[in-house]
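Take a look at the letters that make up each chain.
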Amino acid sequence: MNFEMPTLSTLHTLLDPIDCRQEQQRHLSSVLPALSAALGVPIPTPVHPHPQQLAQSLHIPSCERAVVVFIDGLGFWNLSLRVGHTPNMRAMLRQQYNDQPIWTTQPSTTSVAIPTFGTGTAPGFTGMFGYTQRNPRTGNKAQMITFTDDIAPREVQHQPTIFSQIDEQGIRVTSIGLPRFEHSALTEAALKGGAFIGSESPRMRLKHALAANETPGLTYLYIRDLDKTAHKSGWDNDAWVAQLEKIDTIIGTLRRMLAPGTLLVITADHGVVNMVEQDQIDIAHHPVFQEGVELVAGEPRAPMLYTTLGQQDAVAQRWQEVLADRAVVLTQEEALNQGIFGAVQPHTLPWLADVFVLTQGQHTIVDSRTQREQERTLPAVHGSRTQMEMEIPLLMEVL
């Protein structure tokens, strides 16, 4: 099929919720296991036990060299709606098998998606269920990108990374990003393995990627600027489009200069939607949302509630009645039955919230009692399960 610009009828549905499961093959968790098979060292995972079949189903060809560009915050529809600004990614979208999105995690947020990507598993295996979650050892709220509240990455995330397992098979693995990411908690939890090259300069990071690819193996290039711009100023404005154009220029350079036969792969962790002020609810102003709730974690598009003992069902029912069609509210049991986190393991279960709130449309839920104004007023957000947030690109090209 050939890629076509979204139609007006399509646009009306992009804020509708979608339902997907971790075991689906067209999922972010599939990318690295499939690539391991393409590189000749298939790495099975508990979620994807047959990486060779996975590579075939995703149409990933065998290769000696692969470069994965991971663009934080680039949803399939964010890209598609502004594809006129991206001649290189537009050309890739029009290639066979690239014109359909894959799915990310629920919730659709970096701290959940990257461990799922890096281990080829699911949140139920990694124990990373949200941007913030309660530390069962202390009872405090911990942020799961920097691992606050004295959490060691291995305390939560026990799964081996795909990078480390490919490296152990004698295949070169090189990760390229900002220097401060080399020993970060999230890197330790999700992307450990091989060599890390850090640079503050986007130009130097690009040069490092090209140089690394001269040797057969896997190169990973992380680009965070698009997500950062969206959180600062919103998406679909001049600043966001300018950043998208810069990233497309990087893609263009890779397409021209990578060694022949290299498999170039582009994917992301989530898409974004703009925050609408009149669609925001502040828990602090509504006592009905506070009753029976000990801790509010997660983020504005996907709050996670830790309730007092025995109050889980009552809290979920009360929130659903008040929110009505503005959100879908699930108890822990309902979330487990729906499999939205994959098969939750015994050691990760204590980290799981009691109630999950997935906002609809462009609604957000904040808590001014504990959140700073900056957190409550982000111009663009993500975390829920609309098409805009959940559907991400998987663009591939053999150069």
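All of the points below concern the structure found in this document. Once a new chain begins, its residue numbering starts again from 1 and follows that chain's sequence as written. pLDDT decides what is reported in this predicted model: residues at 70 or higher carry local features, side-chain atom pairs at 80 or more are listed and counted, and totals for whole chains, interfaces and linings draw on all residues regardless. Water and hydrogen atoms were dropped before computing side-chain values, which therefore reflect all heavy atoms in the structure.

Notes on the side chain of Gln 106
By definition, any uninterrupted DSSP run of H or I lasting at least four residues is a helix, any uninterrupted run of E lasting at least two residues is a strand, and each is numbered from the N terminus. When you line up the elements, Gln 106 lands in the loop between strand S2 (102-103) and helix H6 (110-119). Reaching out from Gln 106, the side chain makes a polar contact with the side chain of Arg 385 at a distance of 3.4 Å. Here a polar contact means two N or O atoms within 3.5 Å. Within protein one must be a hydrogen donor candidate and the other an acceptor candidate, and residues neighboring in sequence count only if both atoms are side-chain atoms.

A look at the nonpolar core
The criterion is simple. A nonpolar core is a set of buried Ala, Val, Leu, Ile, Met, Phe, Trp, Tyr and Cys residues joined through side-chain atoms within 4.5 Å. Think of it in three bands: residues with accessible area under 20% of the maximum for their type are buried, residues over 50% are exposed, and the middle band is partly exposed, with areas taken using a 1.4 Å probe on protein chains only. Ranked by size, the top nonpolar core spans 100 residues in total, and within it Leu 35, Ile 60, Val 69, Met 89, Phe 117, Leu 218 and Leu 254 carry the most contacts. Here this core gets seven residues from one element, more than from any other, and that element is helix H13 (residues 238-257). For this analysis, residues touch if any pair of their heavy atoms sits within 4.5 Å. Setting aside its immediate chain neighbours within four residues, Ile 60 contacts Ala 34, Leu 35, Ala 38, Ala 55, Leu 263 and Met 396. Judged by nonpolar contacts, the second largest core, of 15 residues, contains Ile 283, Val 293, Ala 327 and Val 329.

Brief notes about unusual backbone geometry
With the exception of glycine, the majority of residues adopt a negative phi angle, and the majority of peptide bonds are in the trans configuration. Of the consecutive residues Gln 106 and Pro 107, the connecting peptide bond is found in the cis state with omega at -5 degrees. Within the secondary structure layout, Pro 107 lies in the loop between S2 and H6. Even without a glycine there, the phi angle at Asp 149 is positive, about 65 degrees. Inspection of the secondary structure assignment puts Asp 149 in the loop between strand S4 (141-143) and helix H8 (153-156). Since its relative accessible area comes to 22%, Asp 149 is described here as partly exposed.

So, the side chain of Thr 104
Counting through the fold element by element, Thr 104 comes out in the loop between S2 and H6. Given the relative accessible area of 0%, Thr 104 is considered buried. Reaching out from Thr 104, the side chain makes a polar contact with the backbone oxygen of Asp 269 at a distance of 2.6 Å.

Overview of the pattern of salt bridges
Note on definitions: salt bridges are taken to be side-chain nitrogens of Lys or Arg within 4 Å of carboxyl oxygens of Asp or Glu. Scanning the entire structure with this criterion turns up ten salt bridges. For Lys 192, the salt bridge goes to Glu 188, with nearest N and O atoms at 3.2 Å. Judged by relative accessible area, Lys 192 falls into the partly exposed class, the value being 45%.

Regarding the environment of Lys 232
Note on placement: Lys 232 falls in helix H12 (residues 225-233). Accessibility expressed as a relative area gives 72% for Lys 232, which makes it exposed. Considering only alpha carbons, one finds Lys 232 and Val 83, 149 residues apart in sequence, at a separation of 21 Å.

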